[in-house]
Amino acid sequence: MAEVPEVETIVRDLRAEMVGREIVAAEVLQAAALRFPEPGEFVARIAGRVVLGAERRAKHILLPLSGDQMLAIHFMLWGTLLLAPAGRRRPPETLIVFQLDRDQELHFLDKLGYARAALGSAEEIVERLDLNSLGPDALDPSFDADVLARQLARRRGALKPVLLNQHVLAGLGNRDADESMWLAGIDPRRAPATLDRDEIERLHDAICHMLEEGLALRGTQADLFGRPGRAKHRRYIFERTGQPCPRCGTPIAHLKLGGRNTHLCPQCQR
Ligand SMILES: [Zn+2]
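Source: prediction; values computed, not measured.

(A) Structural view of the overall build of the protein. When helices and strands are tallied, the protein shows seven helices and 12 strands. Dimensions of the protein along its principal axes, counting C-alpha atoms only, are 55 × 35 × 30 Å. Burial status across the protein gives 53% buried among its 270 residues. Here the analysis covers contacts within the protein between residues at least 6 apart in sequence; of these, 63% occur between residues at least 24 apart. Counting only carbon and sulfur atoms, one obtains 49% of the accessible surface of the protein, whose full area is about 11800 Å². Measuring between centres, the 37 positive side-chain charges of the protein sit 5 Å from its 37 negative side-chain charges.

This is the structure in structure tokens:
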């Protein structure tokens, strides 16, 4: 699943591999993959642009291009990018193909077809994708327990949906949120305001641990070059309903919180 460790792995690969290279042309194979503009306009406007950088905001991948354009890509659940030799067979999950210099192509793929791309000026991308309303990034060095405490203060509802709200904290997906709350020993149904300082610090440390471990192992999916990451999709409790908790042996429980599948140990998450 494409959560922040997977997205950040691809962004780092893009930064190492793509900066300074030209997008010679593009083919939109599935028009629904474009948020904006229309496919014809997209193809006409992106041709000949040089990639100037690769950045991440929450789960958005941002590629600033020459001529004041920015390509934005969001993987949703299972999207990815793959660098391939020109002319390689395009699997059915191919959404967009970017033809590059040096006889290579960048394939934008998603087996579910939910992943999306957009092209516009930097200002247009920030405004239309509402990037300025994102919360602090959990991988940013300035993210500490004080920031987490401040972001959770006065938030209503259960902890888990609040942690998944990218306007509160950018960086946690469903999997990493469940594993972080298990590591911290905190029940995802708790009201954020009831967490004491020690619990906030444990939760902060657990979030950082999950994200940094996932990133160090290069995520759970393939990287830009198709090499599989070594992180586990099912690490401690995620999608392990009924299996023993690695800490206390109690069967892992499953419930829905804010419409999302949630996994927890009913014994050691308080
Ligand atoms: Zn347990």
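(B) Quick peek at the coordination of the zinc ion. Taken together, Cys 245 (SG), Cys 248 (SG), Cys 265 (SG) and Cys 268 (SG) make up the full set of protein donors to the zinc ion, lying 2.2 to 2.3 Å away. Every donor counted, the four donor atoms about the zinc ion form angles of 100 to 124 degrees at the centre, which fits tetrahedral coordination. The sequence pattern formed by the donor residues of the zinc ion is C-x2-C-x16-C-x2-C. The pair formed by Cys 265 and Cys 268 is uniform in burial state, with each residue classed as buried.

(C) Spotlight on the environment of Met 210. With respect to the helices, strands and loops of the structure, Met 210 is situated in helix H7 (residues 197–216). With relative accessibility at 5%, the residue Met 210 sits in the buried group. In sequence terms Met 210 and Ala 177 are 33 residues apart; their C-alpha atoms lie 8.8 Å from each other. Apart from the residues within four sequence positions on either side, Met 210 is in contact with Asp 176, Glu 179, Ser 180, Leu 183, Arg 235 and Tyr 236.

(D) Structural detail: the side chain of His 107. Its place among the elements puts His 107 in strand S9 (residues 104–109). Among the polar contacts made by the side chain of His 107, one reaches the side chain of Glu 105 at a distance of 2.8 Å. Apart from residues lying up to four places away in sequence, His 107 is in contact with Thr 80, Leu 81, Leu 82, Ala 84, Arg 88, Arg 90, Ile 96 and Val 97.

(E) Examining the packing of helix H6 (residues 174–184) against H7 more closely. Between H6 and H7, the shortest axis-to-axis distance is 8 Å and the interhelical angle comes to 130 degrees. In terms of axis orientation, H6 runs oblique to H7. Both H6 and H7 take part in a crossing whose hand is right-handed. Touching Asp 176, Glu 179, Ser 180, Met 181, Leu 183 and Ala 184 of H6 are Arg 202, Leu 203, Ala 206, Ile 207, His 209, Met 210 and Leu 211, all from H7.

How each quantity is defined
- Just so you know, the residues in each chain are numbered from 1, in the order the chain's sequence is written.
- Only residues with pLDDT of at least 70 are given local features in this predicted model, and only at 80 or more are side-chain atom pairs given and counted; all residues enter the totals for whole chains, interfaces and linings.
- Each side-chain value is worked out from all heavy atoms of the structure, with water and hydrogens disregarded.
- Helical segments are the DSSP runs of H or I of at least four residues, strand segments are the runs of E of at least two, and each set is numbered from the N terminus.
- Any residue under 20% of the maximum accessible area for its type is buried, any over 50% is exposed, and the rest in between are partly exposed; the area is computed with a 1.4 Å probe on protein chains only.
- Two residues qualify as a contact provided that any one of their heavy atoms is within 4.5 Å of a heavy atom in the partner residue.
- Computed with the Shrake-Rupley method and a 1.4 Å probe, the accessible areas treat only the protein chains shown as cover for residues.
- Just so you know, the count uses Lys and Arg for positive and Asp and Glu for negative, and it drops His and the chain ends.
- We put the charge of a Lys on NZ, of an Arg on CZ, of an Asp on CG and of a Glu on CD.
- Distances define the donors: N, O and S atoms within 2.8 Å of the metal qualify, as do those within 3.2 Å of Na, K or Ca. Water is excluded, so some sites may look unfinished.
- Geometry is assigned from the angles between donors: four donors with all angles from 85 to 135 degrees make a tetrahedral site, four or six donors whose opposite pairs exceed 155 degrees while the rest stay between 65 and 115 make square planar or octahedral sites respectively, and everything else is labelled irregular.
- We define a polar contact as two N or O atoms separated by no more than 3.5 Å, with the added condition that, inside protein, one atom must be a possible hydrogen donor and the other a possible acceptor, whereas residues neighbouring each other in sequence contribute only through side-chain atom pairs.
- Here an axis means a line fitted to C-alpha atoms, over the contact stretch when the element is a helix, while the angle between two N-to-C directions is reported on a 0 to 180 degree scale.
- Any angle between 65 and 115 degrees counts as roughly perpendicular, while under 35 counts as roughly parallel, over 145 as roughly antiparallel, and the rest as oblique.
- Two helices that cross are described as forming a left-handed crossing if the nearer one is turned anticlockwise from the farther one by less than a right angle, and a right-handed crossing if clockwise.

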